[in-house]
Amino acid sequence: MISKTLQVLLLSLLAIYSAVAAQAQADADYTVGVGDRLAVSIYGKPELSGTFEVRADGQVVLHLLGGIPVAGATVREIEQRIEAEAQERFSSRESVLVDMAEYRSVYVAGVVDIPGAYEYRPGLTVMKAVALAGGLQKAAAETNLDREVEATRRRAMEAREKLTFAEAEQAALAKELARIEEGEVAEAQETLPEGPLGDQHQLVDLRRSLTEGLTEGSERKMILADEEAMLFAQRRELINSQLAATQEQLSGMEDLAARGLARREQTLQLEINADEFRSDALEAAAFEARARQTIANAESDIRIAEMEYNHKLLADKIAADQRVALARAELQLALDYLRETDPSAMQGMGDMGAMMQTVYEIHRAGEDGPIMAEPGTPLAPDDLLMVEMVGLQAVGQ
């Protein structure tokens, strides 16, 4: 039964062996370049052994063997080249071992705390290089600057909050204006978005309900006035019919009175009745006209209410657009200041950090342009890593 201590020891040895094997494989696959230093060991010939730097011409110079081209070759290939050169020089087969003694440096620049050259090791990634350079740049520990950074952080968070509410109002108003322009009927929303956007939709719905309440009252007034006008029109027609009949009777009665067959009192009564019918007809016409005017006034009230609602929406939309633009400008100014002064101050600001982005560019010999990298991207010797903090384009739109 293997003890627990022995198991831990075996696992530790296995891990060490795996790391050494990985390092050895990385060294074996690595192609040597100018500036690298090689550890060369030739068995039995210590005067030829030692640490040698790859010169600008891509060669290492060994005593008695002279210059041997090594740039672009692996350590195994270099061993074979030295063995071939030694065999030709000494007429004997020599045992040669070549290992990497020191790699070319990598260079870290930009918004890091300690930019400069750092020794390369296999497995070095962008994030590890940033850690070697002290992490993201921090502002000098000066009281006044610290206060200004903290004040700017607060301004950025306030601007973010203002921008959130202004954008929510802007979106709700734009949706309502689009509905009106398309002539669509407003429908009750079963579910509203959460947060400020949902609150703004509720406010727009409430304003629309108030306007609809006014227009519905005017529409009911129009219906009642229309019915009243129809009734007075019917009454006027009836009175006119009665007036026509009375006038016909009066004409006959006047003919009889001219021949002495009717009394004057009868003719006079018919004339009085005709005058009353005319008065009633004028009164009915006046009431009908008043009802028609009520209809026209109600239609005007509806148009005015709708125009005022649309005008208020448009004015509020323009004001919301201005608030959005102002809040975005305030936010961008604050973020730009933090980016230039203390990028680390962006940490712990919730989604505010999403407004800024850390950009990693690797400038590598032989490449046409910079390589856009991620934190886990591996580096190679002689790489230049440029670290920048930039504002996302969406903030400035």
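Procedures and definitions
Residues numbered from 1 in each chain as written. Predicted model: local features only at pLDDT ≥ 70, side-chain atom pairs only at ≥ 80, totals over all residues. Heavy atoms only, no water. Helix = DSSP H or I, 4+ residues; strand = E, 2+ residues; numbered from the N terminus. Buried < 20%, exposed > 50% of the residue type's maximum accessible area, 1.4 Å probe, protein only. Contact = heavy atoms within 4.5 Å. Areas by Shrake-Rupley, 256 points an atom, 1.4 Å probe, with all protein chains shown as cover. Salt bridge = Lys/Arg side-chain N within 4 Å of Asp/Glu carboxyl O. Pairing = 2+ DSSP bridges. Expected span 1.5 Å × (residues − 1). Core = buried A, V, L, I, M, F, W, Y, C linked by side-chain atoms within 4.5 Å. pLDDT = per-residue confidence, 0-100. Axes fitted to C-alpha atoms, helices over the stretch in contact; angles between N-to-C directions. Parallel < 35°, antiparallel > 145°, perpendicular 65-115°, else oblique. Left-handed = near helix turned anticlockwise from the far one by under 90°. Nonpolar A, V, L, I, M, F, W, Y, C, P; charged D, E, K, R; others polar. Phe/Tyr/Trp six-rings, centres within 6.5 Å; stacked < 30°, edge-to-face > 60°. Patch = residues over 30% accessible without salt bridge, like charges linked within 9 Å, V, L, I, M, F, W, Y side chains within 5 Å. Lys, Arg positive; Asp, Glu negative; His and termini not counted. Charge placed at Lys NZ, Arg CZ, Asp CG, Glu CD.

> What is the right way to look at the overall build of the chain in this model?
The secondary structure content of the chain amounts to seven helices and 10 strands. Each of the 397 residues in the chain was classed as buried or not, and the buried ones make up 32%. Within the chain, counting contacts between residues at least 6 apart in sequence, those at least 24 apart form 63% of the total. Surface exposure of the chain reaches about 24000 Å², of which carbon and sulfur atoms provide 54%.

> Which parts of the structure should I look at to understand the pattern of salt bridges?
Two side chains that carry opposite charge are able to pair once their charged atoms sit near each other. By the definition in use, this model includes 21 salt bridges. Across the pair lysine 312 and aspartate 316 runs a salt bridge, and its minimum N-O distance is 3.0 Å. Of this pair, lysine 312 and aspartate 316 both sit in helix H6 (residues 264–341), four residues apart, which is roughly one turn of the helix. Taking relative accessible area as the criterion, aspartate 316 reaches 15% and is therefore assigned buried.

> Sorry, what's going on with the pairing of strand S7 (residues 116–119) here?
Every regular strand shows the same layout, with side chains that alternate between the two sheet faces. Pairing between strand S6 (residues 105–110) and S7: four bridges, direction antiparallel. Opposite valine 108, over in S7, you have glycine 116 as the bridge partner. The antiparallel hairpin formed by S6 and S7 contains five residues in its connecting segment.

> I'm lost on the environment of alanine 71 in this one. Help?
As for its position among the elements, alanine 71 is in the loop between strand S4 (66–69) and helix H2 (75–90). Each C-alpha atom, one on alanine 71 and one on glycine 33, is 4.7 Å from the other, the two residues being 38 residues apart in sequence. What alanine 71 contacts, discounting residues up to four positions off in sequence, is Val32 and Gly58.

> Please explain the side chain of threonine 211 as it appears in this structure.
Mapped onto the elements of the fold, threonine 211 is located in helix H5 (residues 196–258). Residue threonine 211 is classed as buried on the basis of its relative accessible area, which comes to 16%. Residues in contact with threonine 211, not counting those within four places in the same chain, are Ala305 and Tyr309.

> What should I look at first to understand H2 in this one?
Given 3.6 residues per turn, any residue in an α-helix points the same way as the ones three and four places further on. With 16 residues, H2 should cover 22 Å at 1.5 Å per step; its first-to-last C-alpha distance of 22 Å lies within 8% of that length. Immediately beyond the C-terminal end of H2, within one or two residues, lies serine 91, with a positive phi of roughly 55 degrees.

> I tried to follow the nonpolar core on my own but got confused; where do I start?
One recurring pattern in soluble globular proteins is that nonpolar side chains are buried together. One finds Leu38, Val40, Ile82 and Leu385 to be the most contacted residues of the largest nonpolar core, which totals 41 residues. Elements with a contribution of two residues or more to this core: strand S1 (37–42), strand S3 (59–62), H2, strand S5 (96–102), S6, helix H3 (126–132), strand S8 (356–363) and strand S10 (384–391). Ranked by residues supplied to this core, first place goes to H2 with four residues. Residue contacts for isoleucine 82: discarding those within four places in its chain leaves Val40, Ile42, Leu62, Leu65, Ile68, Val96 and Val98.

> Any chance you could explain the confidence of the model for the chain here in plain terms?
Should the pLDDT be low somewhere, the predicted coordinates at that spot are not to be read in detail. Of the residues in the chain, 83% have a pLDDT of 70 or more, and the chain-wide mean is 81. Overall, residues 15–24 carries pLDDT values under 50, and its contacts beyond four positions in sequence, including any with other chains, amount to two contacts. Note on residues 393–397: pLDDT is under 50 here. Beyond four places in sequence and across chains, it has six contacts.

> Looking at this structure, I do not really get the packing of H5 against H6. What am I missing?
The relative placement of two packed helices is expressed as an angle between their axes plus a distance between the axes. The interhelical angle for the contact between H5 and H6, taken along N-to-C directions, is 165 degrees, at an axis separation of 7 Å. Comparing the axis directions of H5 and H6 gives the class roughly antiparallel. The hand of the H5/H6 crossing is left-handed. In terms of residue class, the contact of H5 with H6 is made up of 25 nonpolar, 12 polar and 19 charged.

> I'm lost on the sheet that holds S1 in this one. Help?
Ordered in space as S2-S1-S5, the three strands form an open sheet in which the pairing is antiparallel. In this open sheet, the two edge strands, each paired with only one partner strand, are strand S2 (50–53) and S5. Put simply, the sheet's adjacent strands are angled 30 degrees from each other on average, direction ignored. On the sheet, H2 packs against S1 and S5 and is oriented at approximately 135 degrees with respect to S5.

> Quick question: what am I supposed to make of the packing of aromatic side chains here?
A ring pair, where both rings are aromatic, is described by two values, the distance of the centres and the angle of the planes. Tallied over the full model, the rule gives three aromatic pairs. Ring centres of tyrosine 30 and tyrosine 103 lie 4.9 Å apart, and the angle between their planes is 70 degrees; this geometry places the pair in the edge-to-face category. With a gap of 73 residues between them, tyrosine 30 in the loop between helix H1 (4–29) and S1 and tyrosine 103 in the loop between S5 and S6 connect regions that are remote in the sequence. Tyrosine 103 matches tyrosine 30 in its accessibility class, with the two residues each being buried. Ring centres 4.9 Å apart and planes at 20 degrees place the aromatic pair phenylalanine 232 and phenylalanine 287 in the stacked group. Placement of phenylalanine 232 in helix H5 and of phenylalanine 287 in helix H6 is noted, with a sequence separation of 55 residues between them. An aromatic cluster is defined as three or more aromatic residues linked by ring pairs; in this entry it consists of Tyr30, Tyr103 and Tyr120.

> Would you mind going over unusual backbone geometry with me for this structure?
Glycine aside, a negative phi is what most residues show, and trans is what most peptide bonds show. With phi around 70 degrees, leucine 64 is a residue other than glycine that occupies positive phi space. Tracing the sequence through the fold places leucine 64 in the loop between S3 and S4. In the Ramachandran plot, aspartate 382 falls in the positive-phi region, its phi being about 75 degrees despite a non-glycine side chain. Among the secondary structure elements, aspartate 382 is positioned in the loop between strand S9 (371–373) and S10. Aspartate 382 gets classed as partly exposed once you look at its relative accessible area, which sits at 37%.

> When you look at a negative patch on the surface in this model, what are you seeing that I'm missing?
On the surface, Glu212, Glu216, Glu219 and Glu306 cluster together to form a negatively charged patch. With three residues, H5 is the largest single contributor of residues to the negative patch. Tracing the backbone through its elements, the reader meets glutamate 212 in helix H5. Given a relative accessible area of 34%, glutamate 212 falls into the partly exposed group.

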